[in-house]
Amino acid sequence: MENQNAVIVKNLVKTYAHVEALKEISLNVKKGELFGVIGPDGAGKTSLFRIMSSLLLPDSGEVNVLGIDVTRDYASVRKKMGYMPGRFSLYQDLSIEENINLFASIYDTTLEENYENIRYIYSQIEPFRKRRAGALSGGMKQKLALCCALVHSPEILFLDEPTTGVDAVSRSEFWEILQMLKKRGMTILVSTPYMDEASLCDRVALMQDGRILSVDTPAKITDAYAYSLLAIKTNEKYNMLSSLRMLEHATLVYPFGENIHVVSDKGKLTNEELTKYLNDQGMENWEIVEVAPDIEDCFIALMNQHVAA
Amino acid sequence: MSNSIIEVENLTKRFGTFKAVDSISLEVKQGEIFGFLGANGAGKTTAMKMLSGLLSPTSGKAMVAGFDVFKQQNQIKKSIGYMSQRFSLYDDLTIKENIRFYGGIYGLKRKQWKEKGERLIKRLGLDEVEGKLLKDLPLGWKQKLAFSIAILHDPKIVFLDEPTGGVDPITRRQFWEMIYEAAHDGITVFVTTHYMDEAEYCDRISMMVDGRVEAYDTPEGLKKKYGVKTMNEVFIKVARP
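Residues numbered from 1 in each chain as written. Chains lettered and ligands numbered in written order. Predicted model: local features only at pLDDT ≥ 70, side-chain atom pairs only at ≥ 80, totals over all residues.

Asks: Honestly, the nonpolar core in this entry has me stumped. Any pointers?
Replies: Side chains that are nonpolar tend, in soluble globular proteins, to be buried together. Counting residues in each nonpolar core, the largest one holds 83 residues, and the members touching the most others are Met52(A) and Ile188(A). With sequence-adjacent residues up to four places away left out, Ile188(A) is seen in contact with Leu34(A), Phe35(A), Leu157(A), Leu159(A), Leu178(A), Leu181(A) and Lys182(A). Among the nonpolar cores identified, the runner-up in size contains 72 residues, and Ala168(A), Leu26(B), Ile179(B) and Val209(B) belong to it. (Core = buried A, V, L, I, M, F, W, Y, C linked by C-beta atoms within 7 Å. Buried ≥ 20, exposed ≤ 12 C-beta atoms within 10 Å, placed from the backbone. Contact = placed C-beta atoms within 7 Å.)

Okay, here's the thing in structure tokens:
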């Protein structure tokens, strides 16, 4: 069973001066899995990714990637993995082609040798191969960075926030590429602050404040939602929010997309009770709509539990 | 009845032969939360700079808070607040010093910024940390403080450029409630975001593609027009036809 895991992380701790970036993190990622690490800035995502990709040493704990202890034998693990840092860190004054050739030669290979592996992505930027990296659009830079991370045909990819600050269209294109790489057997770990990207992963770890709140498939995380969730549709969001804040048993009240979500302990607040309350308050032009909790509702509930605990 | 506070007609900005903003027209009403969306490189930042008096347009017409973007840029700057994810407050000043600094820049008198500053600190619950350096505050707190300071001088309009990037989902929503409150108090909010669920929080929206405004309506209206359920789908349909 053990060798089905591409990544094993055990009790990982990392501290900077006064900040505990990682507080005993443990997780496993299976071979061929598309695994998402989801959380806001400061959750510890980048520290975790740097340690897993052998760029940073942990204070304590174990990290094993493809059967290799990363902290001891980093040289051999680096040949088998590709890493894309959160900030664009290619050479701005080299062209697309020159950047890729540089990365290939570092790994003692060539673009030609690996052309098939990156063809799907490279073909999208190939027409501009003479253009300097600094002059590319955000979406093209992202594709170039991915080509550079893939040019030595790694078995596993670590992508640290590849879609942050990228518009919704480029994001969805990027995820299509990841799905394609997954189909070809690649193990992929990707971090993101966008909760809606969770549904595109096989499994996700929800991270906050150096801890993992939950690890599972997106469906199982939402199935495990332990509260009752009601949604209200209204154009008077400000007044509605203020009014709902006074409602007993409404543990959490927050805007969510076009609706307002009202969270309560199971059995504590029924549809009828909510309707009566809002009528008594004299609220007009609203309706209660059926919604199922999504990953973000779960994240909010887990965060709240943690603060309360 | 509806007073428009921003009126834009065929506004264009050219850099050499490149049209960064290509004849856009739109209208924002007073007290409205207006979502200004678009793909990376579509021209949002250039358009925002023109509307906030930081960049002269090439051609077209635009009035912001009653002032002309060609001739009255300084009056515009005084009538607006601005906050972005990248540039907000000074990390090596304390909370109080930041308030004093920005109060001074926006021309508030000592008594005004003191009173307003105290109210602000109380409302955000920052009483115990007001003497702390900004860099010691969590990101979410910084963003909330930055927004409060951006409206300290009671501007008519506040421009928010991706104000919630990277912020956790609870703080992100608290931030939006502050936006609702500001709008409720009559401040017009002009906001950009990459979170499509936040597009739903806006009263009306425009979407820019290649320098042009390609969609312009309420979130409800746009979803209906494109026959989809979420703003994310609208965005993808508009930006990738």
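Asks: Would you explain the packing of helix α3 (residues 96-106) of chain A against helix α5 (residues 138-150) of chain A in this entry?
Replies: Helix-helix packing is described using two parameters, namely the angle between the two axes and the distance between the axes. Residues and elements named next belong to chain A. It is the contact of α3 with α5, at a shortest axis distance of 8 Å, that shows an interaxial angle of 25°. Classified by the angle between their axes, α3 and α5 sit roughly parallel to one another. Crossing angle aside, the handedness with which α3 passes α5 is right-handed. Residue-level contacts link Ile 96, Asn 99, Ile 100 and Phe 103 of α3 to Leu 144, Cys 147 and Cys 148 of α5. Its residues assigned to classes, the contact of α3 with α5 comprises six nonpolar, one polar and no charged. (Axes fitted to C-alpha atoms, helices over the stretch in contact; angles between N-to-C directions. Helix = DSSP H or I, 4+ residues; strand = E, 2+ residues; numbered from the N terminus. Parallel < 35°, antiparallel > 145°, perpendicular 65-115°, else oblique. Left-handed = near helix turned anticlockwise from the far one by under 90°. Nonpolar A, V, L, I, M, F, W, Y, C, P; charged D, E, K, R; others polar.)

Asks: Got a minute to help me understand the interface of chain A and chain B in this structure?
Replies: Many analyses report the size of an interface as the accessible area lost when the parts associate. Facing 27 residues of chain A, the contacting portion of chain B comprises 28 residues. Residue assignment for the side of chain A that touches chain B shows that the elements contributing at least two residues are α5, α6 (168-183), α8 (237-245), β12 (252-256) and α10 (295-308) of chain A. Across the side of chain A that touches chain B, the residue classes break down as 13 nonpolar, nine polar and five charged.

Asks: Explanation requested: the environment of Met240(A) in the structure shown.
Replies: Residues and elements named next belong to chain A. Along the chain, Met 240 falls in helix α8. Judged by local crowding, Met 240 falls into the buried class, with 24 C-beta atoms found within 10 Å. Taking the C-alpha atoms as reference points, Met 240 and Gly 134, separated by 106 residues in sequence, lie 48 Å from one another. Ignoring sequence-local partners within four residues, the contact set of Met 240 consists of Ile 232, Thr 234, Ile 260, Met 283 and Trp 286.

Asks: Help me understand the pairing of β12(A) in this model?
Replies: A regular strand places its side chains so that they alternate between the two faces of the sheet. Residues and elements named next belong to chain A. The element β12 is extensively covered by neighbouring structure, given that four of its five residues are classed as buried. When β12 meets strand β13 (residues 259-265), the two strands line up antiparallel, connected through five bridges. Its bridge partner being in β13, Tyr 254 is matched across the sheet by His 261. In sequence, β12 turns back onto β13 through a hairpin of two residues, with Gly 257 there showing a positive phi of about 55°. (Pairing = 2+ DSSP bridges.)

Asks: Mind showing me how you'd approach the sheet that holds strand β14 (residues 286-289) of chain A here?
Replies: Within a sheet, each strand pairs with its neighbour through backbone hydrogen bonds, oriented either parallel or antiparallel. All names here are of chain A. Reading across the sheet, the four strands line up as β12-β13-β11-β14 and stay open at both edges, with antiparallel pairing between neighbours. This sheet does not close on itself; its edge strands, each paired only once, are β12 and β14. Going from strand to strand, the sheet's axes swing by 30° on average, the running direction of each strand aside. In the packing of helix α9 (residues 271-280) onto the sheet, the strands contacted are β11 (227-234), β13 and β14, and the crossing angle to β14 comes to about 170°.

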